[in-house]
Amino acid sequence: EMFKFEELRNIHIELTTKCNARCGNCPRNFFGSKKHSWIKDTEYTISEFKKYFSHEVLSQVKFILLCGSYGDPAACSDLEEIIDYLMSYDLEVQINSNMSLRSKESWERIGKSLNEKSQIVLSIDGLEDTNHLYRRGTRWNKIEENVQALRGTKANVVWECLLFSHNIDQKEAINKKSKEWGVPSVLFK
């Protein structure tokens, strides 16, 4: 049976192909090094986003996932405006980010804009001494600053941590760090 537009409830949107990280298994690069030449850095502007995700679309949708296969949503210049637009429809929105992009002020604004149904998923794979081994190009001090900026906002925050041989022994310390950051749970994968 064909897909029917009126049955559309969930959408996964790739806001951008830009990213600061060079993760080892990312399809954007050669095993964590040079970006593939066929990937062009693009992103949605707020006007393009409103055109493609119009009232007709968003009035029937319940859930929007902003998670990049080729880029981190935080690399999208108009992310704050896009979040405001989505919140005007009272949708459940999930943003997955390595948290090493944008300013703490931007993350605080995003956290305050989200409704209680929405969440920010921290894609952080270890602690200061291990996260960069997979998430190459991220900066720990920026990650900490941005995660701390979410404290006191309405954002529901979940830490999603990929386990590797270099960080598997840090599970207890990661749980401790999550409590320090005010992040209620860590999902180990």
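Notes on the structure follow. Nothing here was measured: the structure is a model prediction, and the numbers come from that model.

Section: the overall build of the chain
Thought 1: When you go through the chain residue by residue, the secondary structure sums to seven helices and six strands.
Thought 2: Reading the chain from its N terminus to its C terminus gives the helix and strand order β-α-α-β-α-β-α-β-α-α-β-α-β.
Thought 3: For the chain, the C-alpha radius of gyration of 17 Å lies close to 16 Å, the compact-globule estimate for 189 residues.
Thought 4: If one aligns the C-alpha atoms of the chain with their principal axes, the spans along those axes are about 50 × 40 × 35 Å.
Thought 5: Here the chain holds 189 residues, and 49% of them are scored as buried.
Thought 6: Considering only contacts in the chain between residues 6 or more positions apart, those separated by 24 or more positions represent 77%.
Thought 7: Total accessible area on the chain is roughly 9,700 Å²; 51% of this is exposed by carbon and sulfur atoms.

Notes on helix H4 (residues 104-113)
What sets the pattern is the α-helix's 3.6 residues per turn: residues three or four places apart point alike.
Thought 1: Taken together, the buried positions of H4 are Ser 106, Trp 107, Ile 110 and Gly 111. Buried residues of H4, viewed axially, fall in a sector of 135°; they line one side.
Thought 2: Of the surrounding secondary structure, the elements contacted by the buried residues of H4 are helix H3 (79-87), strand E3 (92-97), strand E4 (119-123) and helix H6 (140-149).

Overview of the pattern of salt bridges
Thought 1: Tallied over the entire structure, the rule returns eleven salt bridges.
Thought 2: Note that Lys 18 is salt-bridged to Glu 43, the shortest N-O span being 3.0 Å. With Lys 18 in the loop between strand E1 (10-13) and helix H1 (46-52) and Glu 43 in the loop between E1 and H1, this residue pair connects regions lying 25 residues apart in the sequence.
Thought 3: For Glu 43, a relative accessible area of 25% gives the class partly exposed.
Thought 4: Residues Lys 177 and Glu 144 are paired through a salt bridge, measuring 3.1 Å at the closest nitrogen-oxygen approach. Residue Lys 177 is found in helix H7 (residues 171-181), and its partner Glu 144 is found in helix H6; the two are separated by 33 residues along the sequence.
Thought 5: Glu 144 sits in the partly exposed class, given a relative accessible area of 23%.

Points about the pairing of E3
Thought 1: For E3, a buried count of five out of six residues is recorded, marking the element as mostly surrounded by other parts of the structure.
Thought 2: Of the pairings in the sheet, the one linking strand E2 (residues 63-66) to E3 comprises four bridges and is parallel in character. For Leu 65, the partnering residue across the bridge sits in E3 and is Gln 94.
Thought 3: Traced from E2 through H3 to E3, the parallel crossover comes out right-handed.
Thought 4: The pairing of E3 with E4 spans four bridges and is parallel. Pairing of Asn 96 across the sheet is with Val 121, part of E4.

Structural notes on the sheet that holds E1
Thought 1: Judged by pairing direction, the sheet is parallel, and its six strands sit side by side in the order E1-E2-E3-E4-E5-E6 without closing on themselves. Each end of this open sheet is capped by a strand with a single partner; those strands are E1 and strand E6 (185-188). Going across the sheet, the axis of each strand differs from the next one's by a mean of 20°, ignoring polarity.

Overview of unusual backbone geometry
Thought 1: Its identity as a non-glycine residue notwithstanding, Asp 90 has a phi of 55°, on the positive side.
Thought 2: If you trace the backbone, Asp 90 turns up in the loop between H3 and E3.
Thought 3: In the Ramachandran plot, Met 99 falls in the positive-phi region, its phi being about 65° despite a non-glycine side chain.
Thought 4: Along the chain, the position of Met 99 falls in the loop between E3 and H4.
Thought 5: Judged by relative accessible area, Met 99 falls into the buried class, the value being 0%.

Cut-offs applied
Residue numbering note: each chain is counted from 1, following its sequence as written. Two thresholds apply to this predicted model, a pLDDT of at least 70 for residue-level local features and 80 or more for giving and counting side-chain atom pairs, whereas whole-chain, interface and lining totals are computed over all residues. Hydrogens are left out, water is left out, and the side-chain values use all remaining heavy atoms of the structure. Strands are runs of DSSP state E lasting at least 2 residues, helices are runs of H or I lasting at least 4, and numbering of each runs from the N terminus. Only C-alpha atoms enter the radius of gyration; for comparison, a globular chain is expected to reach 2.2 Å times N to the power 0.38, where N is the number of residues. Each residue gets one of three labels from its accessible area relative to the maximum for its type: buried under 20%, exposed over 50%, partly exposed in between, using a 1.4 Å probe on protein chains only. Contacts are assigned to residue pairs with any non-hydrogen atoms lying within 4.5 Å of each other. Under the convention used here, a 1.4 Å probe and the Shrake-Rupley method define accessible areas, while residue burial counts only the protein chains that appear. Directions drawn from the helix axis to the C-beta atoms are what define this arc. By definition, a salt bridge exists where a carboxyl oxygen of Asp or Glu is found within 4 Å of a side-chain nitrogen of Lys or Arg. Paired strands are those between which DSSP finds at least two bridges. Note on handedness: a crossover is taken as right-handed if, strands pointing away from the viewer, the path from the first strand over the helix to the second is clockwise. To obtain each axis, a line is fitted to C-alpha atoms, and for helices this fit is confined to the stretch in contact; angles are then taken between N-to-C directions over 0 to 180 degrees.

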